[in-house]
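Architecture and fold: a report
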Amino acid sequence: MIRVVRLGLSRGLIELRQTVSSGTDLFGYFLPAVFLVIALIWMRDSTIPGTEFALGAHSLVGSMAMLIVISGLMSMMQYLTMDREDGTLLRAKATPNGMTGYLIGKIVLVAGVAVISCLFVLVPGLFLVDGLTLGADGLLVLLWLVPLAFLATMPLGAVLGALFENPRQASLMMLPIIGLTAVSGVFYPITALAGWVQGVAQVFPVYWLGLGLRSAFLPDALVAAELGGTWRHLETFGVLAAWSVAGLALAPGILRRMARRESGSAVAARRERAMTRMTV
Amino acid sequence: MNETVLAGEAGVGRGVPIDEAVIEVRDLRMSYGPKEVLTGVDFTAHRGEVLVLLGPNGAGKTTTIEILEGFRRRSGGAVRVLGVDPEQGAEQWRARLGVVLQSWRDHSKWKVRELLEHLGAYYSVYSTADRPRPWPVDELLEVVGLTESAGTKIARLSGGQRRRLDVAIGIVGHPELLFLDEPTVGFDPEARREFHDLVHRLTDVDETTIMLTTHDLDEAEKLADRILILSGGRIAAAGSADELSRQVSGETEIRWTRDGQRFVHSAAEATGFVRELFRQHGDAIGDLEVRRSSLEETYMKLVREAEGSAR
């Protein structure tokens, strides 16, 4: 088993290296940073309501929550549907222990892509906003928060990836995810939204990940701008853990079903459909 | 020898005894909804044999192979591949198979050597004394003629190179049984020739059993120890190319010239006919040609017969 984990790790690192040496991919990770910088410049005089603190720091941290969730859900989903279409998944199936190695590799790749995307917004952001701090406490929070966020999103992303027929269909999921992000208080404090919207947002991981990241990166005094005036670490852990459990409970069965259905003719048929769509 | 093999991980890669069947198929049935594709397929493959599966499109060649590969569940019948039911095949069973499908487009961002090394590594624990796994990558690249492309991104390979890479991946685990689905489509004559040499090497040196499908009858005749003709959902005929042509009650074609004139005659018993020919005309006979019906003729006839009886 350790051997297969190691193979999966090396697989993930190889694919990570491929993605960071691809211009198109890099551009994709860099684009959010460009938008964020524009937004930060735009809002440089705004403050978090009820405080003297710059709103920019809040939005910067929030955008990292969004990037992590998008990687965990969307990227995982896209990779899975793409790899199913081009036969990469079938190749994994034809290799002994290949499926396990494949999934571990994808986890490494998605986590790596999420961290890279976050660094791309964090680094320029540091020059543009004041007040970001990361102490030992904050670091400790990140150590449980970020892995837990991956755990809450990646298995679900994989499940969605298994359910969608192809990458074109899967990209439809982008809309609800963006919508969810918009109501989760990542760019602007959630306290400004209607009560029922706040309630809905608190069911999903984006809000909690944003809250956790703010607790790590923003000064403690800013807790005043949060719901209930506390960082609610316990609740954060609870909600993210609940999503993790749900995802981990669903994923193995659904992924196994997806793997079972893979065959040469299934890949060929999918390819055929993709081709007709292109020519029509 | 056997003891060192058995000392390895329990039950892993214990070679199939020489006379034991590598593939055993009894009354294999497959239907998709109400449509019956396979209606009772029977055949056996022995160690080191090359089996070629021929048949018109839609005859169920790919379905049959996918069932044997463990990629598809059958509707009925008994199947054993390397002594295991493919539906129950565990990873250690999987490690003893090689699979080359019709069209792969996977791992396009990887480099050739990178991918072979990565995929090969999955097989290392299944290595045995008589079958070291994986196949060393340098040697493998040499065997399939991709040494020069080792550092090339897979997306940039030509069609023929890509196909050779697929074959390399299929054999990187040093399989005891290799499935090849139309392996030489898109090969130029030279690549085809090299591929045929590779198949001979695999069966002669490594005793690999090979099951392949093709539409190229010439290729089937060159490679096959046994040809199976799949038609009407069952094996319509089986045997070497020679046996098949006999089976079709082959009229043999005899051509000759006498006194500057050409003659053509079809006879069931060619040897007797020719003897009689020489007895009558002796030295007057020239340009003698005796041709048993070609595999193509045999194939067409068998398929037509099978389709006729199915109706």
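Residues numbered from 1 in each chain as written. Chains lettered and ligands numbered in written order. Predicted model: local features only at pLDDT ≥ 70, side-chain atom pairs only at ≥ 80, totals over all residues. Heavy atoms only, no water.

1. A look at the overall build of chain B
In plain terms, the rule: Secondary structure follows DSSP: runs of H or I at least 4 residues long count as helices, runs of E at least 2 residues long count as strands, and numbering of each begins at the N terminus. Each residue is placed in one exposure class: buried if its accessible area under a 1.4 Å probe, protein chains only, is under 20% of its type's maximum, exposed if it is over 50%, and partly exposed if it falls in between. All accessibility values rest on the Shrake-Rupley procedure with a 1.4 Å probe; residue burial counts only the protein chains present in the view.
The number of helices and strands found in chain B is 11 helices and 12 strands. By principal-axis analysis of the C-alpha atoms, chain B measures approximately 70 × 50 × 40 Å. Buried residues in chain B amount to 51% of all 311 residues. Accessible surface, chain B as shown: approximately 14,600 Å² in total, 46% of it carbon and sulfur.

2. Comments concerning a nonpolar patch on the surface
Residue and element names in this part refer to chain A. The condition that has to hold: Residues qualify for a patch when their relative accessible area is over 30% and they have no salt bridge, like charges being joined within 9 Å and the nonpolar side chains of Val, Leu, Ile, Met, Phe, Trp and Tyr within 5 Å. Salt bridges, as used here, are contacts in which a Lys or Arg side-chain nitrogen is within 4 Å of a carboxyl oxygen on Asp or Glu.
On the surface, Ile41, Val115, Leu119, Val123, Leu126, Phe127 and Leu128 cluster together to form a nonpolar patch covering roughly 660 Å² of accessible area. Here the nonpolar patch takes 6 residues from helix α5 (residues 98-128), the largest share from any one element. In this fold, Phe127 is placed in helix α5.

3. Overview of the sheet that holds strand β12 (residues 285-291) of chain B
Residues and elements named next belong to chain B. The following threshold applies: The pairing criterion for strands is at least two bridges between them, as found by DSSP. In this description, a line fitted to the C-alpha atoms serves as the axis of each element, helices being fitted only across the stretch in contact, and the angle between N-to-C directions of two axes falls anywhere from 0 to 180 degrees. By definition, residues are in contact when any of their heavy atoms lie within 4.5 Å.
The antiparallel open sheet is built from 3 strands, whose spatial order is β11-β10-β12. For this open sheet the edge positions go to β11 (261-267) and β12, each flanked by a neighbour on one side alone. Taking each pair of neighbouring strands and ignoring which way they run, the sheet shows an average axis angle of 15 degrees. Each of β10 (252-258), β11 and β12 is contacted by helix α10 (residues 270-281), which is oriented at about 175 degrees to β12, the strand it contacts most.

4. Quick word on the pattern of salt bridges
Under the criterion given, the structure shown has 33 salt bridges over all chains. Of the charged contacts in the structure, one is a salt bridge between Arg91(A) and Asp166(B), with a shortest N-O distance of 3.2 Å. Taken together, the residues Arg91(A) in helix α4 (residues 88-94) and Asp166(B) in helix α6 (residues 159-171) connect one chain to another. Here Arg91(A) matches Asp166(B) in class, with each residue buried. Here Arg226(B) and Glu49(B) are joined by a salt bridge, their closest N and O atoms 2.8 Å apart.

5. Comments concerning the interface of chain B and chain A
Short version of the rule: Simply put, the buried area is the total loss of 1.4 Å probe accessible area from both parts when two parts are fitted together. In the analysis that follows, any N or O atom pair within 3.5 Å is treated as a polar contact, provided that within protein one partner can donate a hydrogen and the other can accept it, and provided that, for residues neighboring in sequence, both atoms belong to side chains.
Opposite the 29 residues of chain B that make contact, chain A presents 29 residues. For the pair chain B and chain A, the two sides together bury roughly 2,800 Å², of which 53% comes from carbon and sulfur. Its largest share of buried area at the contact with chain A, chain B owes to Phe71(B), Arg105(B) and Tyr122(B), together 27% of the area lost on that side. Seen at the junction of chain B and chain A, the total is 4 salt bridges. Notably, a salt bridge pairs Glu114(B) with Arg17(A), separated by 2.4 Å at the nearest N-O pair. Counting the contacts that link chain B with chain A gives 22 residue pairs in polar contact (both at pLDDT 80 or more). Sorting the residues of the side of chain B that touches chain A by element identifies α2 (61-69), α3 (91-94), α4 (112-121) and α6 of chain B as the ones contributing at least two each. If one sorts the elements of the side of chain B that touches chain A by residue count, α4(B) sits on top with 4 residues.

6. Side note on the packing of aromatic side chains
All names here are of chain B. Filter applied, for reference: Any two rings among Phe, Tyr and Trp, with Trp reduced to its six-membered ring, count as a pair given centres within 6.5 Å; such a pair is stacked if its planes are under 30 degrees apart, edge-to-face if over 60, and tilted if neither.
Summed over the entire model, instances satisfying the criterion amount to 6 aromatic pairs over all chains. A ring pair is formed by Trp256 and Phe263, whose centres lie 5.4 Å apart and whose planes are at 10 degrees; its orientation type is stacked. Judged by relative accessible area, which is 8%, Trp256 ranks as buried. Phe263 sits in the partly exposed class, given a relative accessible area of 23%. Seen in terms of ring centroids, Trp256 and Phe273 are 5.7 Å apart; in terms of plane orientation they differ by 55 degrees. Their pairing is tilted. Taken as a pair, Trp256 in strand β10 and Phe273 in helix α10 lie far apart in primary sequence, 17 residues in all. We classify Phe273 as partly exposed; its relative accessible area is 22%.

7. Examining the UniProt feature "domain: ABC-2 type transporter transmembrane" (unreviewed entry) in chain A
Rules: UniProt positions are given in the numbering used here, feature names are shortened, and annotations may be inferred rather than shown by experiment.
Under the feature "domain: ABC-2 type transporter transmembrane" (unreviewed entry), the UniProt entry names residues 58-251 of chain A. In residues 58-251 of chain A, the share of helix is 76% and the share of strand is 0%. The end C-alpha atoms are 33 Å apart.

8. Concerning helix α10 (residues 205-217) of chain A
Put simply, the test is: Multiplying one less than the number of residues by 1.5 Å gives the expected span of a helix.
Its 13 residues give α10(A) an end-to-end C-alpha distance of 18 Å, which sits within 8% of 18 Å, the value for a rise of 1.5 Å per residue. Counting buried residues along α10(A), 13 of its 13 residues qualify, which places the element largely inside the surrounding structure.

9. Some points on the pairing of β11(B)
Residues and elements named next belong to chain B. Pairing analysis gives 7 bridges linking β10 to β11, with the strands arranged antiparallel. By the bridge assignment for β11, Arg255 is matched with Val264. With antiparallel pairing between neighbouring strands as the criterion, β10 and β11 make up a hairpin whose turn holds 2 residues, including Asp259 at a positive phi of roughly 55 degrees.

10. Here we look at the sheet that holds strand β6 (residues 177-181) of chain B
All names here are of chain B. Spatial strand order, β5-β6-β7-β3-β8-β9: 6 strands in an open sheet with mixed pairing. Unpaired on one side and paired on the other, β5 (97-100) and β9 (234-239) mark the two borders of the sheet. Between one strand axis and the next, the sheet turns through 15 degrees on average, direction left out of account. Along the sheet face, α6 touches β5 and β6 and points at about 165 degrees away from the line of β5.

11. Section: unusual backbone geometry
All names here are of chain B. Note the cis peptide between Arg133 and Pro134, where omega equals -10 degrees. Tracing the backbone shows Pro134 in the loop between α4 and α5 (137-144). With phi around 50 degrees, Asp27 is a residue other than glycine that occupies positive phi space. Counting through the fold element by element, Asp27 comes out in strand β1 (residues 21-32). If you check the backbone angles, Asp259 has positive phi at about 55 degrees while not being a glycine. Residue classification places Asp259 among the exposed residues on the basis of a relative accessible area of 65%.

12. Concerning the domain arrangement of chain B
The test is simple: Residue ranges for the domains trace back to a domain assignment, done automatically or taken from a database.
Segmentation of chain B into domains returns domain 1 (2-243) and domain 2 (251-291). For domain 1 of chain B and domain 2 of chain B, the distance between their C-alpha centroids amounts to 44 Å.

13. Here's the deal with the packing of helix α3 (residues 55-86) of chain A against helix α6 (residues 136-163) of chain A
Residues and elements named next belong to chain A. Formally: When an angle is under 35 degrees it counts as roughly parallel; over 145 it counts as roughly antiparallel; between 65 and 115 it counts as roughly perpendicular; any other value is oblique. Crossings are sorted by hand: turned counterclockwise from the far helix by less than a right angle, the near helix makes the crossing left-handed, and turned clockwise it makes it right-handed.
Interhelical geometry of α3 versus α6 gives an angle of 30 degrees and a closest axis separation of 7 Å. Comparing the axis directions of α3 and α6 gives the class roughly parallel. Considering how the two elements wind past one another, α3 and α6 form a crossing that is right-handed. Contacts from Ile68, Val69, Gly72, Leu73, Met76, Met77, Leu80, Thr81 and Arg84 of α3 reach α6 at Ala149, Phe150, Thr153, Met154, Leu156, Gly157, Ala158, Leu160, Gly161 and Ala162.

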